[in-house]
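Summary of the model geometry
Read off the chains here:
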Amino acid sequence: MDVVAACRAFVAVSGHGSFTSGAAAAGIPQSVASRRIATLEEHFGARLFDRSSRAVRLTPFGQDMLRTARRLVDLADAMTEDAERARLRPLRIAVPDSCPPNRLAALVAAGRRQRIHLEVRPADPAGRERLCRTLEVSAGIVAVPAEMAVWRVPLGLASRTPFPAQLVFLETLRTGRTGAQARRRILIQPEDDVAHLRDPLTRAGQSVGLAPTQVAVTPSLVDAAAQALSSPDLLLCSPQQAEDFGLHWCTLADLGLHRGYDIAAGAREDLEQLRAVLHPDIARCLGAHVGPRESSGGRQSDMPPAGEPR
């Protein structure tokens with residue numbers, strides 16, 4: 001027996017003094033209200049209503065039970081409201097601060113369509129790790145090596161002028177013996193200032209004779225992009241970022257660099273929602289390739305580039 005539903009019918013009928021009116025107020029057919037109340041009476045072993053006259057009156061037992069029935073119905077309603085509020089409670093998630101606002105907004109909107117209410121906290125890689133560690137967020141999109149990643153974003157070099165070939169070699173950035181040619185720097189934005197990206201690039205540059213200052217970490221993405229737009233310097237970035245800034249993007253021939261991302265979450269439910277339900281939406285926000293396997297939340301080990309050279 002559904003005690004709450006039976007008590008709801010009992011309270012409605014007692015309040016209206018009629019099975020017909022009470023059932024209508026409860027949003028159920030009269031026959032259902034009568035059956036539920038009869039079941040409740042059978043369960044308690046006593047009559048709740050006196051049906052000997054045309055009017056529906058509470059019996060003394062019914063009068064004694066009405067207060068408790070009302071309290072039970074009120075508690076059930078309060079529990080339903082609490083559950084709805086709990087479902088609407090935001091899932092705070094640390095996201096890369098390199099994600100454009102329009103793509104973050106699209107991710108939040110996609111979450112709402114799935115009844116996942118995201119509250120994004122943009123931060124750099126170190127900041128995201130700190131937010132997760134201090135439990136200021138429930139989850140975070142964290143930077144990991146590409147071979148461990150759920151999402152991978154190809155990196156290349158972007159310039160204000162077109163590249164002469166489909167690939168760019170680091171040795172072409174080396175200055176001549178006369179030193180007359182200006183040294184073109186490779187600018188690393190904060191999102192890529194992590195050991196598994198910065199160190200291989202630095203070592204590759206040193207191996208072909210680049211000066212130590214030609215691979216430089218910048219204080220912000222805006223600063224790096226502004227420098228690339230106003231000088232011969234090259235921005236290490238994704239195809240999506242190059243397109244957003246109006247730069248020409250080219251694959252780096254010397255080594256295949258990919259940003260790698262995974263989810264860190266304290267609760268398994270949050271982890272599954274983000275990895276599976278919102279997998280393709282997070283991929284689009286990060287600028288990662290959205291393939292058929294990703295749409296179902298599967299890990300993809302060999303993902304094609306997210307864009308082509310401009």
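Residues numbered from 1 in each chain as written. Predicted model: local features only at pLDDT ≥ 70, side-chain atom pairs only at ≥ 80, totals over all residues. Heavy atoms only, no water.

**Some points on the pattern of salt bridges**
Defined as follows: The rule for a salt bridge is simple: a side-chain nitrogen of Lys or Arg has to be within 4 Å of a carboxyl oxygen of Asp or Glu. Note on conventions: DSSP H or I runs of at least 4 residues are helices, E runs of at least 2 residues are strands, and numbering of each starts at the N terminus. Think of it in three bands: with a 1.4 Å probe and only protein chains considered, a residue is buried below 20% of the maximum accessible area for its type, exposed above 50%, and partly exposed in between.
Applying the stated criterion across every chain yields a total of 14 salt bridges. Here R284 and D281 are joined by a salt bridge, their closest N and O atoms 3.0 Å apart. In this pair, R284 and D281 both sit in helix 11 (residues 279-286), three residues apart, roughly one turn of the helix. A relative accessible area of 44% places R284 in the partly exposed class.

**Some words on empty space enclosed by the protein**
Our working definition: Here a cavity is any set of points on a 1 Å grid over the protein atoms alone where a 1.4 Å probe fits but cannot get out, and a pocket is any open set with protein on both sides within 12 Å along at least 5 of 7 lines; a residue lines the site when it has an atom within 4 Å of a point. Grid points are joined across faces, edges and corners, and a volume is the space filled by probe spheres set on the points. Basically, the charged four are Asp, Glu, Lys and Arg, the nonpolar ten are Ala, Val, Leu, Ile, Met, Phe, Trp, Tyr, Cys and Pro, and anything else, Gly included, counts as polar.
By the definition in use, this model includes one cavity of 30 Å³ or more. Space inside the largest cavity adds up to approximately 70 Å³. Around the largest cavity sit P96, S98, C99, P100, S238, Q240, Q241, R259, Y261, C285 and L286, which together line it. Sorting the residues of the lining of the largest cavity by element identifies helix 9 (239-245), strand 13 (258-265) and helix 11 as the ones contributing at least two each. Residues belonging to the lining of the largest cavity are distributed by class as follows: six nonpolar, four polar and one charged.

**Side note on the sheet that holds strand 11 (residues 234-237)**
Applicable threshold: Any two strands with at least two DSSP bridges between them are considered paired.
Within the open sheet, the six strands sit side by side as 8-12-7-11-9-10. Their pairing is mixed. This sheet does not close on itself; its edge strands, each paired only once, are strand 8 (167-168) and strand 10 (215-217).

**A short note on the environment of V208**
When you line up the elements, V208 lands in the loop between helix 7 (195-207) and strand 10. Along the sequence, V208 and L170 sit 38 residues apart, while their C-alpha atoms lie 7.0 Å from each other.

**A word on the nonpolar core**
Put simply, the rule is: Nonpolar cores are built from buried Ala, Val, Leu, Ile, Met, Phe, Trp, Tyr and Cys residues. Side-chain atoms within 4.5 Å join them into one set. Note on contacts: a residue pair qualifies if any of its non-hydrogen atoms lie within 4.5 Å across the two residues.
One finds L118, I141, W151, I263, L274, I282 and L286 to be the most contacted residues of the largest nonpolar core, which totals 25 residues. Breaking this core down by element, the ones donating at least two residues are strand 3 (91-96), helix 5 (101-113), strand 5 (139-143), strand 6 (151-154), strand 13, helix 10 (268-277) and helix 11. Once residues within four sequence positions are removed from consideration, L274 is found in contact with L91, I93, L118, A139, W151, I263, H279 and I282. Residues L155, L201, V208 and V215 belong to the second largest nonpolar core, which totals 22 residues.

**As for the side chain of D192**
Relative to the elements of secondary structure, D192 occurs in the loop between strand 9 (186-188) and helix 7. The exposure class assigned to D192 is buried, which follows from its relative accessible area of 0%.

**Considering the packing of aromatic side chains**
Worth spelling out the cut-off: Put simply, two rings from Phe, Tyr or Trp (the six-membered ring, in Trp's case) pair if the centres are within 6.5 Å, and we call them stacked under 30 degrees between planes, edge-to-face over 60, tilted for the rest.
The tally for this structure, following the rule as stated, stands at three aromatic pairs. Judged by centre distance (6.3 Å) and plane angle (65 degrees), the rings of F44 and F61 are edge-to-face. On the criterion of sequence distance, the pair formed by F44 in helix 3 (residues 30-44) and F61 in helix 4 (residues 60-88) is long-range, its members being 17 residues apart. Ring pairing ties together the aromatic residues F10, F19 and F49, which thus form one cluster.

**Considerations on the sheet that holds strand 6**
For the record, the criterion: Only the contacting stretch of a helix is used when fitting its axis, a line to C-alpha atoms as for every element, and angles between N-to-C directions run 0 to 180 degrees.
The strand order 4-3-5-13-6 describes an open sheet built from five strands, whose pairing is mixed. Edge strands, defined here as strands with exactly one partner in the open sheet, are strand 4 (118-123) and strand 6. Taken over all neighbouring pairs, the strand axes of this sheet differ in orientation by 25 degrees on average, direction set aside. Sheet topology note: the strand 6/strand 13 ladder contains four bridges and is antiparallel. The partner of V153 across the bridge, within strand 13, is R259.

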